[in-house]
Amino acid sequence: MKAQLAGVMVLVAVCAVPALAADAKADGAAIKAVDQAWLKAFAAADGDGLAKLYDENAVLMPPGAPAVTGRAAIREFLLKEAQGAGKSGMVFSFGEKSDSGASGNLGWSSGTYMVKDKDGKVVETGKYLSVDKKVNGKWMYWRDTWNADSAAPK
C-alpha cells in the first residue's frame with residue numbers, strides 16, 4: 001500500500017510540473033500585459049486607466065520624489081506626469097527586452113525604458129522594476145519604481 005501511495009504521489013508531482021510551468025508562463029505574459037496597458041494609459045494621459053492597474057494599497061517610488069501611497073494618490077501623480085509629458089511632446093516607450101516572473105500571488109516585471117522629445121531625440125534612458133500582486137485573479141502593481149541611467153541635468 002505504501003508503495004502504491006508513493007507511486008501516486010510521484011505521478012501527481014510529475015504531472016504537476018508542466019501545469020506549473022504553463023501557469024508561470026501565463027502569469028508572466030499577464031504581468032507584461034499590465035505593463036503594456038500602463039504604457040497605453042500613460043500615453044493617453046488616462047488617469048483612471050493608470051489607477052486601475054494599481055492595487056488599492058500600492059506604493060509608487062518615483063526617482064527624486066517621495067513615495068506615493070495608495071491608488072488615488074498614484075492616479076493624481078501619474079496623471080500630472082502624463083499630462084506634462086503630453087504637453088511637452090515627450091514620448092515614453094519600453095525597451096525591446098523585458099522579463100517577468102511569478103510565484104503564487106506575487107510577480108514582478110523589469111526592463112528598460114526610453115523617453116524621446118518632440119523631435120524624436122532620446123532625452124532619457126533607464127530601467128524599471130515592479131512587484132505585482134494577483135487580486136481576484138487579476139495582476140496589479142503593488143510596488144513600482146524606475147530610475148534613469150544618468151543623473152538629471154541641473
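Details of the structure are given in the entry above.
All residue numbers here refer to positions counted from 1 along the written sequence of the relevant chain. Only residues with pLDDT of at least 70 get local features here, since the model is predicted, and only at 80 or more are side-chain atom pairs given and counted; chain-wide, interface and lining totals rely on the full set of residues. To obtain the side-chain values, all non-hydrogen atoms of the structure were included, while hydrogens and water were left out.

A. Representation of the overall build of the protein chain. When its secondary structure is counted, the protein chain shows three helices and six strands. Per the convention used, a helix needs a DSSP run of H or I reaching at least four residues, while a strand needs a run of E reaching at least two, with both numbered from the N terminus. Each helix (α) and strand (β) of the protein chain, taken in turn from the N terminus, gives the series α-α-β-β-α-β-β-β-β. Only protein chains enter the accessibility calculation, which uses a 1.4 Å probe; a residue whose area is less than 20% of its type maximum is buried, one above 50% is exposed, and one in between is partly exposed. By residue count, 29% of the 154 residues in the protein chain fall in the buried class. The contact criterion used is simple: two residues touch if any of their non-hydrogen atoms lie within 4.5 Å. Within the protein chain, contacts between residues at least 6 apart in sequence are counted, and of these 49% link residues at least 24 apart. Computed by Shrake-Rupley with a 1.4 Å probe, the accessible areas treat only the displayed protein chains as cover when residues are assessed. Accessible surface, the protein chain as shown: approximately 9700 Å² in total, 61% of it carbon and sulfur.

B. How the structure looks around helix H3 (residues 71–88). With 18 residues, H3 should reach 26 Å at 1.5 Å per residue; the first-to-last C-alpha distance of 26 Å fits that figure. Two residues or fewer past H3, Gly89 is found with a positive phi of approximately 80°. Under the convention used throughout, the expected extent of a helix is 1.5 Å for every residue step, that is, one less than its residue count.

C. Spotlight on the packing of aromatic side chains. Pairing of aromatic rings covers Phe, Tyr and the six-membered ring of Trp, with a centre-to-centre limit of 6.5 Å; geometry is then stacked below 30 degrees between planes, edge-to-face above 60, and tilted otherwise. Applying the stated criterion to the full structure yields eight aromatic pairs. Residues Phe92 and Phe94 carry aromatic rings whose centres are separated by 5.7 Å and whose planes lie at 85° to one another, so their mutual orientation is edge-to-face. Phe94 gets classed as buried once you look at its relative accessible area, which sits at 18%. One aromatic cluster is present, formed by Trp38, Phe42, Phe92, Phe94, Tyr113 and Tyr128 through successive ring pairs. Above the ring of Trp142, the side-chain terminus of Arg143 is found at 4.5 Å from the ring centroid. In this scheme, Lys NZ or Arg CZ marks a charge over a ring once it lies within 6 Å of the ring centre and within 35 degrees of the ring normal.

D. Representation of the pattern of salt bridges. A side-chain nitrogen of Lys or Arg and a carboxyl oxygen of Asp or Glu constitute a salt bridge if their distance falls within 4 Å. One pass over the structure, following the stated rule, counts five salt bridges. Between Lys134 and Asp27 there is a salt bridge, and its shortest N-O distance comes to 3.1 Å. Separated by 107 residues along the polypeptide, Lys134 in strand E5 (residues 122–135) and Asp27 in helix H1 (residues 2–43) bring together distant segments of the chain. For Lys134, a relative accessible area of 25% translates into the label partly exposed. Between Asp149 and Lys127 there is a salt bridge, with the nearest N and O atoms lying 3.0 Å from each other.

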